Amino acid sequence: MMAEILSTSGVSDLPDEGNTLDPSKLLSGDLVIGLIGYAGAGCTDVYKRLDFFLKAHGFETHRVKLSDGIANCSNDPSLKAELKSGEDKLVRAVRLQDLGDTLRAQYNSEAVASLALREIKQIRSVASVKRRAIIVDSLKHPAEIDLFKIVYERSFLLIGVYCGKDTRLARLQDKFFGVEDEKIENFMKRDERDPNSVFGQQVRKAFHQADFFLDNGVNAKGGHARDYDTDLRRF
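This one's a predicted model, so the numbers in the text were calculated from it and none came from an experiment.

## Some details on the overall build of the chain
On a plain count of helices and strands, the chain comes out with 11 helices and 5 strands. Considering only contacts in the chain between residues 6 or more positions apart, those separated by 24 or more positions represent 76%. Here the chain has roughly 12100 Å² of accessible surface; of this, 49% comes from carbon and sulfur atoms.

## Re the layout of surface pockets
Put simply, the largest pocket is a space of about 1200 Å³. Lining the largest pocket are 42 residues, with Thr44, Lys65, Ser67, Ala93 and Lys175 sitting closest to its centre. Elements represented by at least two residues in the lining of the largest pocket include exactly α3 (43-56), β2 (60-65), α4 (66-71), α5 (86-106), α8 (165-175) and α9 (181-192). Here the lining of the largest pocket takes 7 residues from α5, the largest share from any one element.

## Section: the sheet that holds strand β4 (residues 156-162)
Paired through backbone hydrogen bonds, the strands of a sheet run either parallel or antiparallel to each other. In space, the 5 strands of this open sheet follow the order β2-β3-β1-β4-β5, with parallel pairing throughout. At either end of the open sheet lies a strand with only one pairing partner, and these are β2 and β5 (212-215). Strand after strand, the sheet turns through a mean of 25 degrees between neighbouring axes, direction not considered. As paired elements, β4 and β5 share 4 bridges and run parallel to each other. Residue pairing for β5: Tyr162 is matched across the bridge by Asp215.

## Some points on the packing of α5 against helix α6 (residues 111-124)
Interhelical geometry of α5 versus α6 gives an angle of 95 degrees and a closest axis separation of 8 Å. On the basis of their axis angle, the class for α5 and α6 is roughly perpendicular. Within the contact between the two elements, α5 uses Gly100, Leu103 and Arg104 and α6 uses Ala111, Val112 and Leu115. Of the residues belonging to the contact of α5 with α6, the class tally is 4 nonpolar, 1 polar and 1 charged.

## Let's talk about the pattern of salt bridges
Using the criterion set out here, one finds 14 salt bridges in the structure. Taking the shortest distance from any N to any O, the salt bridge between Lys183 and Glu87 comes out at 3.7 Å. Taken together, the positions of Lys183 in helix α9 and Glu87 in helix α5 put the pair 96 residues apart, joining distant regions of the chain. Under the relative-accessibility criterion, Lys183 is labelled partly exposed at 39%. Judged by relative accessible area, which is 32%, Glu87 ranks as partly exposed. Among the ionic pairs, Asp101 bridges to Arg190, the shortest N-O distance being 2.8 Å. Here Arg190 lies in helix α9 and Asp101 lies in helix α5, a separation of 89 residues in the sequence.

## Comments concerning the side chain of Arg168
On the secondary structure map, Arg168 appears in helix α8. For Arg168, which is buried and forms no salt bridge, the nearest opposite charge comes from Glu192, at a distance of 4.9 Å. Those residues in contact with Arg168 that sit more than four places away from it in its chain are Tyr38, Ala39, Gly40, Ala41, Cys163 and Met188.

Cut-offs used in this document
Residues numbered from 1 in each chain as written. Predicted model: local features only at pLDDT ≥ 70, side-chain atom pairs only at ≥ 80, totals over all residues. Heavy atoms only, no water. Helix = DSSP H or I, 4+ residues; strand = E, 2+ residues; numbered from the N terminus. Contact = heavy atoms within 4.5 Å. Areas by Shrake-Rupley, 256 points an atom, 1.4 Å probe, with all protein chains shown as cover. 1 Å grid on protein atoms, 1.4 Å probe; cavity = no way out; pocket = protein on both sides within 12 Å on 5 of 7 lines; lining within 4 Å. Points joined across faces, edges and corners; volume = space filled by probe spheres on them. Pairing = 2+ DSSP bridges. Axes fitted to C-alpha atoms, helices over the stretch in contact; angles between N-to-C directions. Parallel < 35°, antiparallel > 145°, perpendicular 65-115°, else oblique. Nonpolar A, V, L, I, M, F, W, Y, C, P; charged D, E, K, R; others polar. Salt bridge = Lys/Arg side-chain N within 4 Å of Asp/Glu carboxyl O. Buried < 20%, exposed > 50% of the residue type's maximum accessible area, 1.4 Å probe, protein only. Lys, Arg positive; Asp, Glu negative; His and termini not counted.

Next comes the structure, spelled out in structure tokens:
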């Protein structure tokens, strides 16, 4: 299994921590914004609105998806394919959880975050006349947040995205349509806190580290998603 993961990943060439932490290579005027939220909280929706908001304020924006970094560590084409079946989408999501756990166990708890650091380094190697905002979607483990805070210090900000469990379940039922609720709830529980491995996803332990919390629940009027532009302006 591990040979398959590493065959095309370059994970054995994770960013060298000594070089990454060199002050001369840290951000200068750029922002790195991490997102964290339980499954179904809507980090992707928040990313889209945040991206629009930052561009409107003159930023050049880039998205770094940790799940893409994990998927690139496998030869499995289904991890990158456009899937229509709700069952297939859940199978892929669980497969990504498995691969993320394997990477953390094989290397260290910061392994997935290190893949993101490498991508950020590539983004920043290209000169830009604008101030950049790099949005990391999304963090799942305390060690990942700790690494970002060490590397980027005050240039790193973490947004915690939250909403009620019923709303999250309803969103995942829509995403994984046709899948039994028990399977979806097991996926949610593992995302929140994997009881079987310290290298698993531990969103519950990491969530409180956010610098800013964003309610992405349902508006009481009409059942529509909240308009959180006011919150973004405050952020």
